[in-house]
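Inside the fold
Residues per chain, in single letters:
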Amino acid sequence: RVDEWTDVDRKRVMNDIITTMFNKKFMEELFKLQELYSKKALRTVYDRLAHASIMRLNQASMDKLYDLMTMAFKYQVLLCPRPKDILLVTFNHLDAIKDFVRDSPGILNQVDETFRQLIETYSCLSAGEFQLIRQTLLIFFQDMHIRVSIFLKDKVQNSNGRFVLPISGPVPWGTEVPGLIRMFNRNGDEVKRTEFTTGGNYVTPQREGSFDLYGERVLKLGTNMYSVSRPVETHMSGSSKNLASHAKESIAPNPLAKEELNFLARLLGGLEIKKPGGSETGFRLNLFTTDEEEEHAALTRPEELSYKVINIEATQ
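Okay, so let's go over this structure. (Residues numbered from 1 in each chain as written. Predicted model: local features only at pLDDT ≥ 70, side-chain atom pairs only at ≥ 80, totals over all residues. Heavy atoms only, no water.)

1. Things to note about the overall build of the protein chain
Quick reminder of the rule: Secondary structure is summarised from DSSP: a helix means a run of H or I of at least four residues, a strand means a run of E of at least two, and numbering begins at the N terminus for each. Whether a residue is buried, partly exposed or exposed follows from its accessible area with a 1.4 Å probe, protein chains only, as a fraction of its type maximum: under 20%, in between, or over 50%, in that order. The contact criterion used throughout is that any non-hydrogen atoms of two residues lie within 4.5 Å. The protein chains shown are the only cover counted for residues, whose accessible areas, like all others here, come from Shrake-Rupley with a 1.4 Å probe.
Counting its regular elements, the protein chain contains 11 helices and eight strands. Residue burial in the protein chain is summarised as follows: out of 316 residues, 37% are buried. Restricting to contacts in the protein chain with at least 6 residues of sequence separation, those with at least 24 account for 74%. Surface summary for the protein chain: the accessible area is close to 19,300 Å², and the carbon and sulfur share equals 55%.

2. Things to note about the nonpolar core
It is characteristic of soluble globular proteins that their nonpolar side chains tend to be buried jointly. So the rule is basically this: Residues grouped as a nonpolar core are buried Ala, Val, Leu, Ile, Met, Phe, Trp, Tyr and Cys residues, joined through side-chain atoms within 4.5 Å.
In this structure, Ile18, Phe22, Tyr75, Leu94 and Phe151 are the most contacted members of the largest nonpolar core, which totals 53 residues. Secondary-structure elements contributing two or more residues to this core are helix H1 (7–21), helix H2 (24–30), helix H3 (39–50), helix H4 (59–78), helix H5 (85–100), helix H6 (105–122), helix H7 (127–141) and helix H8 (149–153). Apart from residues lying up to four places away in sequence, Ile18 is in contact with Ile97, Phe100, Val101, Ile107 and Val111.

3. Focus on the pairing of strand E5 (residues 190–195)
Condition: Note: two strands are recorded as paired if DSSP finds a minimum of 2 bridges between them.
A small share of E5 lies buried, amounting to zero of its six residues. Pairing of strand E4 (residues 180–184) with E5, which is carried by five bridges, proceeds in the antiparallel orientation. Along E5, the bridge assignment pairs Arg182 with Arg193. In sequence, E4 turns back onto E5 through a hairpin of five residues, with Gly188 there showing a positive phi of about 85 degrees.

4. Let's talk about the environment of Gly169
For Gly169, the location among the structural elements is in strand E3 (residues 169–170). Judged by its relative accessible area of 17%, Gly169 is buried. Each C-alpha atom, one on Gly169 and one on Tyr202, is 4.9 Å from the other, the two residues being 33 residues apart in sequence. Not counting the four nearest positions on each side in its chain, Gly169 is found in contact with Asn201, Tyr202 and Val203.

5. Focus: a nonpolar patch on the surface
Cut-off, in case you're wondering: Patch definition: residues with relative accessible area over 30% and no salt bridge; like charges joined within 9 Å; nonpolar side chains (Val, Leu, Ile, Met, Phe, Trp, Tyr) joined within 5 Å. In the sections that follow, a salt bridge refers to a side-chain nitrogen of Lys or Arg positioned within 4 Å of a carboxyl oxygen of Asp or Glu.
A cluster of nonpolar side chains, contributed by Ile181, Met183, Val191 and Phe196, occupies part of the molecular surface with about 340 Å² of accessible area. Structurally, Met183 is set in strand E4. For Met183, a relative accessible area of 32% translates into the label partly exposed.

6. Digging into the pattern of salt bridges
On inspection of all chains with the given rule, the structure shows 15 salt bridges. As a salt-bridge pair, Glu208 and Arg82 come within 2.5 Å of each other at their nearest N and O atoms. Of the two residues, Glu208 is situated in the loop between strand E6 (202–203) and strand E7 (234–235) and Arg82 in the loop between H4 and H5; the sequence distance between them amounts to 126 residues. What makes Glu208 partly exposed here is its relative accessible area of 31%. Arg82 gets classed as buried once you look at its relative accessible area, which sits at 16%. The residue Asp112 makes a salt bridge to Lys98 at a minimum N-O spacing of 2.9 Å. Of this pair, Asp112 sits in helix H6 while Lys98 sits in helix H5; the two residues are 14 residues apart in sequence, bridging distant segments of the chain. Take Asp112 and Lys98: they sit in the same class, and that class is buried.

7. Some details on the packing of H4 against H7
We apply this condition: Helix axes use the C-alpha atoms of the stretch in contact, all axes being lines fitted to C-alpha atoms, and the angles between their N-to-C directions lie in the range 0 to 180 degrees. In this scheme the crossing of two helices becomes right-handed for a clockwise turn of the near helix relative to the far one and left-handed for an anticlockwise turn of less than a right angle. Three categories are distinguished: nonpolar for Ala, Val, Leu, Ile, Met, Phe, Trp, Tyr, Cys and Pro, charged for Asp, Glu, Lys and Arg, and polar for the others, with Gly belonging to the last.
Contact geometry of H4 with H7 gives a least axis separation of 10 Å together with a crossing angle of 145 degrees. The two elements H4 and H7 cross, and the hand of that crossing is left-handed. On H7, the residues touching Thr70, Phe73, Lys74, Val77 and Leu78 of H4 are Arg134, Leu137, Leu138 and Phe141. Of the residues belonging to the contact of H4 with H7, the class tally is six nonpolar, one polar and two charged.

Okay, structure coming up:
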């Protein structure tokens, strides 16, 4: 409820969450070579991060927030013009985060350190390695087709929750606008050219986005999609309901579960949940229009889709 908390509160919440997210130990664990997390492990990390400040979300609002975040990220990865642009999307995310904490030099330094690690780790990878990363991420999200009203209104998502790939606009950096076929002989000499009509209106990009700590990213994926004010909702699509039926299959004991929980214990060691103390009551974030709507969503959400939060005492 915006009328009940101030800009100081808002800034404090952002600072708490960002400080926790870019915790040095947490980042060290993230950058280690490892298998991709399971969906449950990722959700556990999200729950801990969302509750790293005085803010509280109940189950329905947390589910909705998670749906929004995962579908927005899937959209960004899917629409990347070329695999390496995943890095530009990440830099757009970090540029926005730095803007939130521009008045807090200590936190800003934490984010910059992560920025430098990303540049050092990923800028030297080949196009093929970036393609492997992109495909791995898309495989992770391939069964998630939750409809988001902002995407439906912009016609970038169909009513079945699948995203629409554009057939117009700038082509990936380093490629040519389609419409020309060149034929070569065995010596590598061009002997013939044939033109054909394309189904889209393509243009050559003006310049490549910057992969440096500071710079113009050019790519808009990963920037604020709420720049234009509009209502945002998530709807349960048919495929999400199918996901609920498949979720029962994953309840069977997983031999890797113990190993994964041990890893999560190490990972979450630095993630401290802030409990409002003294006279401070904290505040509750509701992602629905009314409290009644949030309660209804909590009751109607399939139980299989509600993730249980595992609290781990990492110091033991």
